[in-house]
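Each chain is listed here by its residues.
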Amino acid sequence: MATITSLGKKQSSFLQGTHGGLSIAIGYLPVALTFGLLAKSTGLSLSETVMMSLIVFAGASQYIALSLIAVGTGVIEIIFTTFIVNIRHFLMSASLSEKVEQDSLWKKALYSFGLTDETFTVASTKEGTVNASYLFGLMLISYASWVINSGVGYVIGASLPTTVQESMGIALYAMFIGLLIPSLKKHRKVLYLAVLAAILNSLCYASQAISTGWAIVLSTIVSAVVVELVYHKVENKEVNHSG
C-alpha cells in the first residue's frame, strides 16, 4: 500500500511539473523557431541544429554560438564565451538546492541539466518544497518544446527563399537587442557594462591583435570586472558618507 501511495504521489508531482512547464513550452516556441531559422542561415545542418539544442539547451548561449560561428570563431572561444554567459547557473543551482527535497545524486545530475532561467523561476516560486518528479515534469516539457521547435524552425527556414534566409542574420542582432533592452531599463549597471564591452571589443577588432572570439571573451570579462569594482567603490563611499 505504501509503495502504491508513493508511486501515486510521484505521478501527481510529475503532472504538476508538466502543468507548470506548459507556459514555458509555449513561450519557447517562437524563440526556438527563430533559432532554427537562424541556424539554417548560419550554415548549420538540420542534425547539427537539433543536436545543439539537445546538448546545450540554453537559448542565449545558442544564439551567441551562432553569431560566433558566423564570423568563423574557434571552438575554444565559443565554449569559453558560453561558459561566461551561463556562469549565473551556479547561483541558480545553489538557490534551488535549498528548495529541493533530499534525493540521490544521479537524479540531481539529471534535472540540473534542465535548469534554465524559466524553469528556475517556476520551481523557485512554487509554494513549499519540490521533488525530483516535479522537476522532471517541469523540465521535460520545456526541453521537448525547445528541441522540437528548433528542428521545425530549421525546416521552415529551408523552405524560405534564399534572399530571406540570408537576411535572417539581421534578426540575430535584433534578438540580442531585444534581450538587452529590458535589462537596460531596470539596471543602469547593465548599460555601463554593455557600452564598455562594446568599446573594448571595437578596439580589439580594430587593432586585430586577437581573434574575434577572444576579443568578445576578454572585453566581456574586463568590462564586468571594471564595472563591478567601480560600483563597489561607489557603494562603499555612500555607506561611509551616510555613516
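Residues numbered from 1 in each chain as written. Predicted model: local features only at pLDDT ≥ 70, side-chain atom pairs only at ≥ 80, totals over all residues. Heavy atoms only, no water.

Caption draft 1: Quick look at the overall build of the protein chain. The number of helices and strands found in the protein chain is 11 helices and zero strands. N-terminal to C-terminal, the α/β element order of the protein chain is α-α-α-α-α-α-α-α-α-α-α. Put simply, the protein chain has 243 residues, and 31% of those count as buried. Of all intrachain contacts in the protein chain linking residues separated by at least 6 positions in sequence, the fraction that spans at least 24 positions is 78%. Carbon and sulfur atoms make up 69% of the accessible area of the protein chain, which amounts to about 14400 Å² in all. (Helix = DSSP H or I, 4+ residues; strand = E, 2+ residues; numbered from the N terminus. Buried < 20%, exposed > 50% of the residue type's maximum accessible area, 1.4 Å probe, protein only. Contact = heavy atoms within 4.5 Å. Areas by Shrake-Rupley, 256 points an atom, 1.4 Å probe, with all protein chains shown as cover.)

Caption draft 2: Quick peek at the packing of aromatic side chains. Taken as a whole, this structure holds nine aromatic pairs when the rule is applied. Here Phe 57 and Tyr 143 contribute two aromatic rings whose centre-to-centre distance is 5.1 Å and whose plane-to-plane angle is 70°, an arrangement assigned as edge-to-face. Here Phe 57 is found in the loop between α2 (46–55) and α3 (59–70), whereas its partner Tyr 143 is found in helix α8 (residues 132–158), with 86 residues between them in sequence. We classify Phe 57 as buried; its relative accessible area is 4%. Look at Phe 83 and Phe 90: their rings are 6.3 Å apart centre to centre, the planes differ by 75°, and that puts the pair in the edge-to-face class. What links up through ring pairs into an aromatic cluster is the set Tyr 28, Phe 35, Phe 57, Tyr 63, Phe 113, Tyr 143 and Trp 146. The residue whose ring lies beneath Lys 126 is Tyr 134, and the NZ or CZ to ring-centre distance is 5.1 Å. (Phe/Tyr/Trp six-rings, centres within 6.5 Å; stacked < 30°, edge-to-face > 60°. Lys NZ or Arg CZ within 6 Å of the ring centre and 35° of its normal.)

Caption draft 3: Structural context of helix α7 (residues 117–125). Inspection of α7 places Thr 119, Phe 120 and Ala 123 among the buried residues, and these make up the whole buried set. Along the axis of α7, the buried positions cluster into a sector of 100°, meaning they face one direction only. (Arc of directions from axis to C-beta.)

Caption draft 4: Focus on the packing of α3 against helix α4 (residues 75–85). Here α3 crosses α4 at 150°, and the two axes come no closer than 10 Å. Between α3 and α4, the angle is such that the two are roughly antiparallel. Judged by the twist between their axes, the crossing of α3 over α4 is right-handed. Packed against α3, whose contacting residues are Ala 60, Ser 61, Ile 64, Ala 65, Leu 68 and Ile 69, the element α4 presents Ile 78, Thr 81, Thr 82 and Val 85 at the interface. (Axes fitted to C-alpha atoms, helices over the stretch in contact; angles between N-to-C directions. Parallel < 35°, antiparallel > 145°, perpendicular 65-115°, else oblique. Left-handed = near helix turned anticlockwise from the far one by under 90°.)

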